[in-house]
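# Architecture at a glance
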Amino acid sequence: MNILVCISPVPDTTSKINFKEENTAFETLGIQYVINPNDEFGLTRAVHLQQKVGAKVTVVTVGDTSCEPILRKCLAIGADQAIRVDLQPQDGFQVATQLEALCKKTNYDLIITGRESIDYNGGMVGGLLAVHMGIPYVPNCVHLDLSGNDVALEREIDGGKERLKSSLPLIVGAQKGLVEEKDLIIPNMRGIMQARQKPLEVVSPIEVTAATLVEHYEKPPEKGAVKLVDAEDIDGLIDLLTNEAKVL
Amino acid sequence: MAVVVYLESQKGTIKKTGFELASYGRAVADALGEQLIGVGFNLQDTKSINPYGMDVLYNVDTPEGSFFNADRYSSTIAGIASKEKAQVIVVSSSADGRYLGPLLSAKLDAAFLSNVVDLPTQYSPLKVKRSCFTNKAFNRTLSQKECNILSLSSNAFGLNEQQGDVEVRSEPYAEATTDLEVTAIDQATDKVSIADADIVVSGGRGLKGPENWHLIEDLASVLDAATACSKPVSDMGWRPHSEHVGQTGKPVASNLYIAIGVSGAIQHLAGINSSKVKVVINNDPEAPFFKAADYGIVGDAFEVVPKLIEKLKARKH
């Protein structure tokens, strides 16, 4: 069984976001990149399946050489091999098209993307890839169990969960809940050493233009100072929320 | 030519996000000089859309007992969009809306633009403001495609009532293209969800344990609010992760967000940044949340919250 986990390197969640070149580009100076948290939940589930059913886990990212430390980290976590498509993508459509080309060369039974990347929040790669491949897609996936070719899944919906069934091949959009935070694998020294020997293949991109281009960035306007209300003056708070903020 | 919006419903009743989408769609259709067309499934109250200026509403019947099916829904909407030569299609930012958006985009060879927070500033090519970095920033995105699917952030546009007398049409339910099937839905229908709520009450580690959550639930109940929690609270298993709001949890875009005993980590603040008014109750005056909030009380939640509940109850009667 072949599992492909799509990885997006993103700024660490504690990052302060700044822009450069007259607000047309993201300022990467001082930014620590990490595996997109949603992708990491998916990778962890894939490594569990690797141990349980003997699946082979491939990680892939579409990006330049600066993404390779993140791929090495995925290998240290337990992926068997890594692929980097050598393109600095402009949008999710370009990423999905590159992945489609890859998936047409090798058959993957299960493809895992993150629900969304926490930088551009597009949340589209899994869905686009699924339609292009003619296979099902389950985003916001919080449960995935395999029994031969049959798959039992759960999708988190507003205010609850939906239970689904399908068969392989299939794409899921992983998020917290697919595995828990405590299940995330912290690479040990042995894993890190092994990762150096594991294959990391660089693939040339196919030619495809982006569907969208970001022209300009801006930060939210500065906020005014908080209005403090005395802990004894609950009526004062209710009055402010009712008459000033008009939200009660 | 047309603008198409997907109207989400629950038990046949169009949700509030549907009215917001219709209001937004009307403004886009007016700018383009086109018709506004809605698509809904199993709607029983089609007249409720009248005050939002919709021209045509396709009401699609699905087999009895069937569930939301993103594949069949998106094929049905894509079919209508093609027939009506839609230039802009608007979906919500709910779990279902963001599920359908990319599928529609692939089926129609259209661009998908998530987290849209305003009307497009131009239409050919389309340019629109979106939030990114989980609400830590915004960008202006220029589409390279003729047809565009926009996922509108909830509460970003609001409601805009006007006269309307919608023409209701029927449309066959598209066939499935994959074998994926929903077998059951476990959904708390008695509680308002974070996505649908006008008010969200959220608790953090300052509440000291899950046994104290009645404070959050009682306050939420008197305000008809949804309940939420911070990441540590869900990681410790005090609350289900479906309640976790923040960068890796759910986004919140309510009118009022009340945070109790939440310190306000940068990841949490990012997730709730789109909420209009933020209130913090925390005994630590140095908590970062005070920098992000509009109103704050420095005080013990165990003393302040019961009083607040009591006053709000008294006010209701």
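Parameters and conventions
- Residues numbered from 1 in each chain as written.
- Chains lettered and ligands numbered in written order.
- Predicted model: local features only at pLDDT ≥ 70, side-chain atom pairs only at ≥ 80, totals over all residues.
- Helix = DSSP H or I, 4+ residues; strand = E, 2+ residues; numbered from the N terminus.
- Rg over C-alpha atoms; globule rule 2.2 N^0.38 Å.
- Buried ≥ 20, exposed ≤ 12 C-beta atoms within 10 Å, placed from the backbone.
- Domains from an automatic or database assignment.
- Contact = placed C-beta atoms within 7 Å.
- Nonpolar A, V, L, I, M, F, W, Y, C, P; charged D, E, K, R; others polar.
- Core = buried A, V, L, I, M, F, W, Y, C linked by C-beta atoms within 7 Å.
- Pairing = 2+ DSSP bridges.
- Axes fitted to C-alpha atoms, helices over the stretch in contact; angles between N-to-C directions.

Before going further, it helps to examine the overall build of chain B. The helix and strand tally for chain B stands at eight helices and 18 strands. Against the compact-globule benchmark of 20 Å for 317 residues, chain B has a radius of gyration of 21 Å, which places it among compact chains. Across its three principal axes, chain B shows a C-alpha extent of roughly 60 × 40 × 40 Å. The proportion of buried residues among the 317 residues of chain B is 57%.

Right, let's get into the domain arrangement of chain B. All names here are of chain B. We note that the domain assignment places domain 1 (2-170) and domain 2 (199-316) within chain B. The distance between the C-alpha centroids of domain 1 and domain 2 comes to 31 Å. Taken residue by residue, the interface counts eight residues in domain 1 and nine residues in domain 2. Classifying every residue of the side of domain 1 that touches domain 2 by side-chain character gives one nonpolar, six polar and one charged.

The topology assignment puts Val229 of chain A in strand E15 (residues 227-229). Discounting residues that sit within four places of it in the chain, Val229 of chain A has contacts with Gly236, Leu237 and Leu240 of chain A together with Tyr295 and Ile297 of chain B.

By size, the foremost hydrophobic cluster in this structure holds 113 residues, and its most contacted members are Val5 and Cys74 of chain A together with Val3, Val4 and Ile77 of chain B. Top contributing element to this core by residue count: helix H3 (residues 95-108) of chain B, with seven residues. Aside from chain neighbours lying at most four places away, what touches Ile77 of chain B is Val4, Tyr6, Val39, Leu100 and Leu104 of chain B. Residues Ala195, Ile216, Leu256 and Val280 of chain B belong to the second largest nonpolar core, which totals 52 residues.

Attention now moves to the interface of chain A and chain B. The interface is formed by 61 residues belonging to chain A together with 72 residues belonging to chain B. Of all elements in the fold, only helix H4 (125-133), strand E9 (137-147), strand E10 (150-157), strand E11 (160-167), strand E14 (212-218), E15 and helix H6 (234-244) of chain A reach the threshold of two or more residues within the side of chain A that touches chain B. In terms of residue count, E11 of chain A provides more of the side of chain A that touches chain B than any other element does, eight residues in total. A class-by-class count of the residues in the side of chain A that touches chain B yields 29 nonpolar, 17 polar and 15 charged. Relative to strand E13 (residues 181-187) of chain B, E11 of chain A is paired through six bridges, and the arrangement is antiparallel.

Cis geometry is found at the peptide bond from Leu168 of chain A to Pro169 of chain A, where omega equals -5°. Topologically, Pro169 of chain A is positioned in the loop between E11 and strand E12 (170-174). The omega torsion across Ser124 of chain B and Pro125 of chain B is 0°, close enough to zero to call that bond cis. In this structure, Pro125 of chain B sits in the loop between strand E8 (122-123) and strand E9 (126-132). Of note, the phi angle at Glu22 of chain A is positive, near 55°, even though the residue is not glycine. Position of Glu22 of chain A relative to the elements: it lies in the loop between strand E3 (19-20) and strand E4 (25-26).

This part covers the sheet that holds strand E15 (residues 226-229) of chain B. As summarised here, the arrangement of the six strands in space is E15(A)-E18(B)-E17(B)-E16(B)-E14(B)-E15(B), forming an open sheet in which the pairing is parallel. Looking at which strands have only one partner, the edges of the open sheet turn out to be E15 of chain A together with E15 of chain B. Averaged over neighbouring strand pairs, the angle between their axes works out to 20° when direction is ignored. Pairing of E15 of chain A with strand E18 (residues 295-298) of chain B involves three bridges; the strand directions are parallel.

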